[in-house]
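These are the residues of each chain, in order.
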Amino acid sequence: MSRTTALTKDDLLLVVDVQNDFCPGGALAVPDGDQVVPVINRLMGRFEHVVMTQDWHPPDHLSFASAHRGKTPYETVELSYGAQILWPDHCRQGTDGARFHPGLDDSRAELIVRKGFCREIDSYSAFTENDRSTPTGLTGYLRERGLTRLFIVGLATDFCVLYTALDAVELGFKAVVIMEGCRGMDVEGSMEKAWERMLEAGVGKIGEADIAR
Ligand code: VGL
Ligand code: ZN
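The shown structure was predicted, so the numbers you read here are calculated from the model rather than taken from an experiment.

Basis of the calculations
- Residues numbered from 1 in each chain as written.
- Chains lettered and ligands numbered in written order.
- Predicted model: local features only at pLDDT ≥ 70, side-chain atom pairs only at ≥ 80, totals over all residues.
- Heavy atoms only, no water.
- Helix = DSSP H or I, 4+ residues; strand = E, 2+ residues; numbered from the N terminus.
- Rg over C-alpha atoms; globule rule 2.2 N^0.38 Å.
- Contact = heavy atoms within 4.5 Å.
- Areas by Shrake-Rupley, 256 points an atom, 1.4 Å probe, with all protein chains shown as cover.
- Lys, Arg positive; Asp, Glu negative; His and termini not counted.
- Charge placed at Lys NZ, Arg CZ, Asp CG, Glu CD.
- Donors = N, O, S within 2.8 Å, 3.2 Å for Na, K, Ca; no water.
- Tetrahedral: all angles 85-135°; square planar, octahedral: opposite > 155°, others 65-115°.
- Buried < 20%, exposed > 50% of the residue type's maximum accessible area, 1.4 Å probe, protein only.
- Near = heavy atom within 4 Å.
- Polar contact = N/O pair within 3.5 Å; in protein donor to acceptor, adjacent residues only side chain to side chain.
- Nonpolar A, V, L, I, M, F, W, Y, C, P; charged D, E, K, R; others polar.
- Axes fitted to C-alpha atoms, helices over the stretch in contact; angles between N-to-C directions.
- Parallel < 35°, antiparallel > 145°, perpendicular 65-115°, else oblique.
- Phe/Tyr/Trp six-rings, centres within 6.5 Å; stacked < 30°, edge-to-face > 60°.

Below, the discussion takes up the overall build of the chain. A count of helical and extended segments in the chain gives four helices and eight strands. In the chain, the succession of α and β elements from N to C terminus is β-α-β-β-β-β-α-β-α-β-α-β. Over its C-alpha trace the chain gives a radius of gyration of 16 Å, about what one expects of a compact globule, namely 17 Å for 213 residues. Across its three principal directions, the C-alpha atoms of the chain cover 60 × 35 × 30 Å. Across the chain, contacts joining residues at least 24 apart in sequence account for 75% of those joining residues at least 6 apart. Carbon together with sulfur atoms contributes 50% to the accessible area of the chain, which is approximately 9800 Å² in total. Looking at charge distribution, the chain has the averaged site of its 22 positive side-chain charges lying 4 Å from that of its 32 negative ones.

So, in structure tokens, the structure goes:
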């Protein structure tokens, strides 16, 4: 019996935040973040549908420590919707850091979802912002297009990939994370916790080689 996954025309590759600021040398670099680029380029050729997300913050975004007097990155503050980790300034709209990694092939992307552009709200998930109520529009797009299963790759496994996968399942989609296509920040055990939460929620975890040829 084979345990490979066969792709169909209702499957989508969702490429999360493969941007310069999340790659080595960037403002919020994920260790080895750039190593996902060749994997994702290869995977894009296997899918009928590709959507990408782009973290896209105004310069005074409230997820930036610099927007709060006396605060430093990785501290937590209370925003209107609850606890929010503060980050170094990253993915500011129109900057080089916000651009996709130059090696990433974006030619197959049929939609680019920008997120985190409301000054007061951060957005880890590609579906719903951190206030847990403001939609990005991705749910409507997928439903209208009849796309039901998401294969998720990108940065970072323990933040934007995690919340995107959890929301996908909660919204009634199937979600599968392709391991080699992701890298995590791993702050205080966040990687192990992320996989625990995803597997418990019913998110699939596969390797690139598990996709049927
Ligand atoms: C991300 C922290 C802040 C991510 C984005 O893409 O995982 N993490 N903004
Ligand atoms: Zn961000």
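Having seen the model, we can carry on.
What follows is about the coordination of the zinc ion (ligand 2). Coordination of the zinc ion (ligand 2) by the protein involves D55 (OD), H57 (NE2) and H90 (NE2), with metal-donor separations of 2.0 to 2.2 Å. In this structure, the zinc ion (ligand 2) is surrounded by four donor atoms whose angles at the metal cover 87 to 168°, and the resulting shape is irregular. Counting gaps between the donor residues of the zinc ion (ligand 2) yields the pattern D-x1-H-x32-H. On the accessibility criterion, H57 (0% relative accessible area) is buried.

This part is about the site of ligand 1. Taken together, the neighbourhood of ligand 1 is formed by D17, F22, D55, W87, H90, Y124, L155, A156, F159, C160 and M185. Within the side chain of H90, an N or O atom sits 3.1 Å from a nitrogen atom of ligand 1. Taking 260 Å² as the accessible area of ligand 1 by itself, protein coverage stands at 100%. Broken down by class, the residue content of the shell around ligand 1 amounts to eight nonpolar, one polar and two charged.

A separate point is the packing of helix α3 (residues 157–170) against helix α4 (residues 190–201). Orientation of α3 relative to α4, taken along the N-to-C sense of each, is 10°, at an axis distance of 10 Å. Here α3 is positioned roughly parallel relative to α4, judged by the angle of their axes. For the pair formed by α3 and α4, the contact residues are T157, D158, F159, L162, Y163, A165, L166 and V169 on the first element and S190, M191, A194, W195, R197, M198 and A201 on the second. Residue classes in the contact of α3 with α4 are distributed as eleven nonpolar, two polar and two charged.

Quick look at the packing of aromatic side chains now. The geometry of an aromatic ring pair is captured by two quantities: the separation of the ring centres and the angle between the planes. For the coordinates displayed, the defined rule picks out seven aromatic pairs. Seen from their ring centres, Y124 and F159 are 5.6 Å apart, and the 70° between their planes marks the pair as edge-to-face. With Y124 in the loop between β5 (109–115) and α2 (138–145) and F159 in helix α3, this pair connects stretches of sequence that are 35 residues apart. Comparing Y124 with F159 shows no difference in burial state: the two are buried. The structure contains a cluster of three or more aromatic residues connected by ring pairs, namely Y74, W87, Y124, F159 and Y163.

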